[in-house]
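# Summary of the model geometry
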Amino acid sequence: MLTAIIKEAWISIASYKLRTFLTMLGIMIGVAAVVMMVSAGQAVQNRITDTFASMGSNLILIGPAELVTGGVRGGRGLPSVTVADVAALKTLKDVETTSYLMNAAVQAVYGSRNYGVSVKGTNPDYLAVNNWEIEDGIMFTEKDVRAAKPYAVIGQTVVDELFGLQNPIGKTIRLKGKPFTVIGTLREKGDGLMGDDQDNIILMPSTTVRQRLAGSPRPQYTGIAFVKATSEDKMELVAKRVEYMLRTRHRLKDGVKNDFTVRLMTEMVEKVRSVGFVLSALLAAIASISLIVGSIGIMNMMLVSVTERTREIGTRKALGAPNSWIMMQFLAESVLISFIGSFVGMVFGIAFSQLGGHLFGYEVPISIWSVIVSVTVAVVVGIVSGLMPALKAMRLNPIDALRYQ
Amino acid sequence: MAEKTVIDVQHVCKTYFMEGGTSQSVLKDINFQIKSGEFVAIMGPSGSGKSTLMNILGCLDKPTSGKYILEGYDIASKDDKELAVIRGKTIGFVFQNFNLMMKRTIADNVSLPLIYQKVGETERYNRAVEMLKKVNLIGYQDRPPSQISGGMQQRVAIARALINNPAIIFADEPTGNLDSKTSDEIMELFTFLNKQGITIVLVTHEDDVADYATRMIKISDGHKVYDGLRKEYSKEKEIKC
Ligand SMILES: Nc1ncnc2c1ncn2[C@@H]1O[C@H](COP(=O)(O)OP(=O)(O)OP(=O)(O)O)[C@@H](O)[C@H]1O
Ligand SMILES: [Mg+2]
């Protein structure tokens, strides 16, 4: 019986092609918009997650204390964690490795080319802590750090900007007029979270940065220190130990605030991700307004259709159509319209979001959510907008329907 | 006559209640029986209640009071679903303005009542073609009704009424929209069907059309004023009320 009803419904809507198409268009646009928004939201969320993963998710970041005056955050305090602190933290239980950075922004020169780069003074473990890999050449060693060797390991952007197609290994670049030998290059990471170029980087022994680039006025202090836990579930514990050790080493009495901050990378990931989720839910909610408009369109068309076909309904009833059949037929018509509209909308939504992803260089997932959203919308919108007209058709008195002109 | 009674109308009254509280009494204490195989013409002036009576006979409406028994079933006790089954299986309808679906093929129109009896698509089509032969419309099954004349459209409608092999056909002014020559064709078709044992009840204004029937029931202002053989009817024999 169901196939017969669907067939009848199909023939009916197919006999009003333009009207049916225009009504479908509303649902198509609505579903396409929702699918596109959901995809965009997911793409951004994935990008965030990937970026953090590329930075290493087991990380604990230790920075200067936040200055609070009268309850208002007042920027950052002076660096308080020393290179010696970082070395000591490495002895803690469940710590895989530690690292730190001393940052300097300088102009790098090679031959006639020059480029503004971010120099990070650190130790060899920085690679492991931040998921960097050597593309070519080698990383400097602990020995190089102790000897403050003028070695540079450069990111792909620096390679491109200074060397073009030349092999940079063994070449000498100049920073602040001083020479440094390129001993290695880093594998490309791509853009960071804020669209910053993660590959515009030069790694050097921290001692070298301190001595040659004269970055910090308090050279034994780190700008930011990293502690990498052995696993994600040990992070809380390790963070506690780190805090305890630093308080002891800094001789902080009970009641005195930390002169450093300890942050878990996982917490930061969660925070950013939840913002991303709320954002994409909001986008989808806005897009679904067009779905409501589309479903009003279906309801409108079906109401017109019931009125126009009053005689047909009367005839069908006189010829033995049960009320349930009449209702199901009209419901099937609206569900069919919204089903086809949703399907086409989904296809267009996916196609457009892939196209958009391609244009903006985002990896856009074809998520199961698009399908779930489309099917749910199809059924819900079809039934909700078709129910009232279908009930109207069902309740038509056959005598009045047959008398209707 | 040993024929069984298929229609039994007892003290049927019908009052329409309109919005605003007014009401109109359209049928007043109507009584008659129709036996299987009869050919009955219901006549009467415009507004006398003929269509109202036909709607009750066709189970499209229920009497305000009185009893209507169709093939032994008291219609008042049937719910909507059961009435739909009776309309689909026992009764065939023919309307004044054909009521065909213009966007569908003739075969689709003829076989429409079969859908509700859950008959499959191929069988529906085959039976439609078979029925079209009976009404002398061979080869028209795949055309739309808009391509054929009014008389042919009414024959399509008759084929549709016949498709479930009903015991009774109700026709409310089936020739009302047709010229006299086409009317004769349609009435000959009804006579032919009646000879095959189908009970036919039709409403008409025209004496020529009524002449095809054997029995005549005349209604005037909601009262039955004549009930007897058509050929014995004369104005003087009407009951005065
Ligand atoms: N559904 C209805 N609601 C209210 N009044 C109605 C309804 N149907 C018919 N009437 C009224 O009942 C009376 C009888 O109508 P009916 O259609 O039965 O007459 P008829 O004999 O078939 O007339 P005609 O020859 O013009 O077809 C008319 O006055 C009509 O206005
Ligand atoms: Mg009438």
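The structure presented is a predicted model; accordingly, all values stated were derived computationally and were not measured.

Moving on, we get to the sheet that holds strand S8 (residues 199–203) of chain B. Residues and elements named next belong to chain B. Here six strands make up an open sheet; going across it, the order is S6-S7-S8-S3-S9-S10 and the pairing mixed. Because the sheet does not close on itself, it has two edges, and the strands there are strand S6 (91–94) and strand S10 (223–229). Each adjacent strand pair in this sheet contributes to an overall mean axis angle of 15°, direction not counted. With four bridges joining them, strand S3 (residues 39–43) and S8 adopt parallel strand pairing.

Around ligand 1 there are 16 residues in total, and Arg403 of chain A together with Ser46, Lys50, Ser51 and Thr52 of chain B lie nearest to it. Taking glutamine 24 of chain B, its side chain carries an N or O atom lying 3.0 Å from an oxygen atom of ligand 1. Side-chain polar atom of lysine 50 of chain B to an oxygen atom of ligand 1: 2.8 Å apart, as the coordinates give it. Contact with the protein chains removes 73% of the 630 Å² of surface that ligand 1 exposes when unbound.

Scanning all chains against the criterion turns up seven aromatic pairs over all chains. Both rings, one in phenylalanine 348 of chain A and one in phenylalanine 352 of chain A, keep their centres 6.0 Å apart while their planes meet at 35°; by these two values the pair is tilted. On the criterion of helical spacing, the pair formed by phenylalanine 348 of chain A and phenylalanine 352 of chain A is a turn pair, its members being four residues apart in helix H11 (residues 323–360). When its relative accessible area of 43% is taken as the criterion, phenylalanine 348 of chain A is described as partly exposed. Geometrically, the ring pair formed by phenylalanine 93 of chain B and phenylalanine 170 of chain B is tilted, given 6.3 Å between the ring centres and 40° between the ring planes. Of this pair, phenylalanine 93 of chain B sits in strand S6 while phenylalanine 170 of chain B sits in strand S7 (residues 168–172); the two residues are 77 residues apart in sequence, bridging distant segments of the chain.

Another point: empty space enclosed by the protein. Scanning all chains against the criterion turns up one cavity of 30 Å³ or more. Every residue lining the largest cavity is listed: Ala318 and Leu319 of chain A together with Arg87, Gly88, Ile91, Gly92, Phe93, Pro113, Arg160, Ala161 and Asn164 of chain B. At the level of elements, helix H2 (80–89), S6 and helix H5 (150–162) of chain B are the ones that each hand at least two residues to the lining of the largest cavity. Sort the elements by how many residues they give to the lining of the largest cavity and S6 of chain B lands first, with three residues. The class makeup of the residues in the lining of the largest cavity is six nonpolar, three polar and two charged.

All names here are of chain A. Here strand S6 (residues 134–137) pairs with strand S9 (residues 178–186) via three bridges, running antiparallel. Paired with aspartate 136 across the strands is threonine 185, a residue of S9. By the bridge criterion, four bridges tie strand S7 (residues 151–154) to S9 in an arrangement that is parallel. By the bridge assignment, valine 153 is partnered in S9 with glycine 184.

Moving on to the layout of surface pockets. In this structure, the largest pocket spans a volume of roughly 930 Å³. Lining the largest pocket we find 35 residues, and of these Arg403 of chain A together with Ser51, Thr52, Asn55 and Asp172 of chain B sit closest to its centre. If you list the elements that add at least two residues to the lining of the largest pocket, you get helix H13 (398–403) of chain A together with strand S1 (5–17), strand S2 (23–35), helix H1 (50–57), S6 and S7 of chain B. In the lining of the largest pocket, the residues fall into 13 nonpolar, 14 polar and eight charged.

The next subject is the environment of alanine 171 of chain B. All names here are of chain B. Along the chain, alanine 171 falls in strand S7. Remark: the alpha-carbon pair of alanine 171 and aspartate 221, spanning 50 residues in sequence, is separated by 21 Å. Ignoring anything within four residues of it in the chain, the contact list for alanine 171 reads Met54, Val94, Phe190, Val201, Leu202 and Val203.

Next up on the list: the side chain of serine 206 of chain A. Looking at where serine 206 of chain A falls in the secondary structure, it is placed in helix H7 (residues 206–213). When neighbours within four sequence positions are excluded, serine 206 of chain A is seen to be in contact with Tyr100, Met102, Gly121, Thr122 and Val145 of chain A.

A few words on the interface of chain A and chain B. Interface extent is often summarised as the accessible area lost during association of the parts. Chain A puts 22 residues into the contact, and the matching count from chain B is 21 residues. Between chain A and chain B, a total of about 2100 Å² is buried, with carbon and sulfur atoms accounting for 60% of that surface. The largest per-residue losses of area from chain A upon contact with chain B belong to Ala318, Leu319 and Ile399 of chain A, which jointly make up 29% of the total buried on that side. Between chain A and chain B we count two salt bridges in total. Here lysine 7 of chain A makes a salt bridge to glutamate 121 of chain B, at a shortest N to O gap of 2.5 Å. Elements that contribute at least two residues to the side of chain A that touches chain B include exactly helix H1 (2–14), helix H10 (310–318), H11 and H13 of chain A. Looking at which element gives the most residues to the side of chain A that touches chain B, the answer is H10 of chain A, with six residues. For the side of chain A that touches chain B, the residue count by class is 11 nonpolar, five polar and six charged.

Attention shifts here to a nonpolar patch on the surface. Residue and element names in this part refer to chain A. The grouping of Phe339, Ile368, Trp369, Val371, Ile372, Val375, Val379, Ile383 and Leu387 at the surface amounts to a nonpolar patch, some 750 Å² of accessible area in total. Here the element with the most residues in the nonpolar patch is helix H12 (residues 368–395); it accounts for eight residues. If you trace the backbone, isoleucine 368 turns up in helix H12.

Attention now goes to helix H8 (residues 235–249) of chain A. Residue and element names in this part refer to chain A. Compared with the 21 Å implied by 1.5 Å per residue over 15 residues, the 21 Å span of H8 between its first and last C-alpha is a close match. Residues Met235, Val238, Ala239, Val242, Met245, Leu246 and Arg247 constitute the buried set of H8. Those residues of H8 that are buried lie in contact with strand S1 (59–64), helix H3 (83–89), strand S4 (95–110), strand S11 (224–229), strand S12 (260–264) and helix H9 (265–308). The first or second residue beyond H8 is arginine 251, which carries a positive phi of 55°.

Right, let's talk about the domain arrangement of chain A for a bit. Each assigned domain of chain A is listed with its residue range as follows: domain 1 (2–51 + 271–403) and domain 2 (81–226). Centre-to-centre separation of domain 1 of chain A and domain 2 of chain A, based on C-alpha positions: 56 Å.

Moving on, we come to the confidence of the model for chain B. Across chain B, the average pLDDT comes to 92, with 99% of residues at or above 70. Across the predicted assembly, pTM comes out at 0.72 and ipTM at 0.93.

Residue and element names in this part refer to chain B. Phi angles above zero are rare outside glycine, and histidine 11 is one such case at about 50°. Looking at where histidine 11 falls in the secondary structure, it is placed in strand S1. Not every positive phi belongs to a glycine, and glutamate 173 is a case in point at roughly 50°.

Moving on: the nonpolar core. For soluble globular proteins, nonpolar side chains are generally found buried alongside one another. Residues Ile7, Phe32, Ile42, Leu57, Tyr68, Leu70 and Phe170 of chain B are the most contacted members of the largest nonpolar core, which totals 73 residues. For this core, the element with the most residues is H11 of chain A, which contributes 10 residues. When near neighbours in sequence (up to four residues on either side) are disregarded, phenylalanine 32 of chain B contacts Ile7, Asp8, Val9, Leu53, Leu57, Arg215, Ile217, Lys224 and Asp227 of chain B. By size, the runner-up hydrophobic cluster in this structure holds 42 residues, among which are Ala41, Val94, Ala107 and Leu162 of chain B.

Cut-offs used in this document
- Residues numbered from 1 in each chain as written.
- Chains lettered and ligands numbered in written order.
- Predicted model: local features only at pLDDT ≥ 70, side-chain atom pairs only at ≥ 80, totals over all residues.
- Heavy atoms only, no water.
- Pairing = 2+ DSSP bridges.
- Helix = DSSP H or I, 4+ residues; strand = E, 2+ residues; numbered from the N terminus.
- Axes fitted to C-alpha atoms, helices over the stretch in contact; angles between N-to-C directions.
- Near = heavy atom within 4 Å.
- Polar contact = N/O pair within 3.5 Å; in protein donor to acceptor, adjacent residues only side chain to side chain.
- Areas by Shrake-Rupley, 256 points an atom, 1.4 Å probe, with all protein chains shown as cover.
- Phe/Tyr/Trp six-rings, centres within 6.5 Å; stacked < 30°, edge-to-face > 60°.
- Buried < 20%, exposed > 50% of the residue type's maximum accessible area, 1.4 Å probe, protein only.
- 1 Å grid on protein atoms, 1.4 Å probe; cavity = no way out; pocket = protein on both sides within 12 Å on 5 of 7 lines; lining within 4 Å.
- Points joined across faces, edges and corners; volume = space filled by probe spheres on them.
- Nonpolar A, V, L, I, M, F, W, Y, C, P; charged D, E, K, R; others polar.
- Contact = heavy atoms within 4.5 Å.
- Buried area = accessible area lost by both parts, 1.4 Å probe.
- Salt bridge = Lys/Arg side-chain N within 4 Å of Asp/Glu carboxyl O.
- Patch = residues over 30% accessible without salt bridge, like charges linked within 9 Å, V, L, I, M, F, W, Y side chains within 5 Å.
- Expected span 1.5 Å × (residues − 1).
- Domains from an automatic or database assignment.
- pLDDT = per-residue confidence, 0-100.
- Core = buried A, V, L, I, M, F, W, Y, C linked by side-chain atoms within 4.5 Å.

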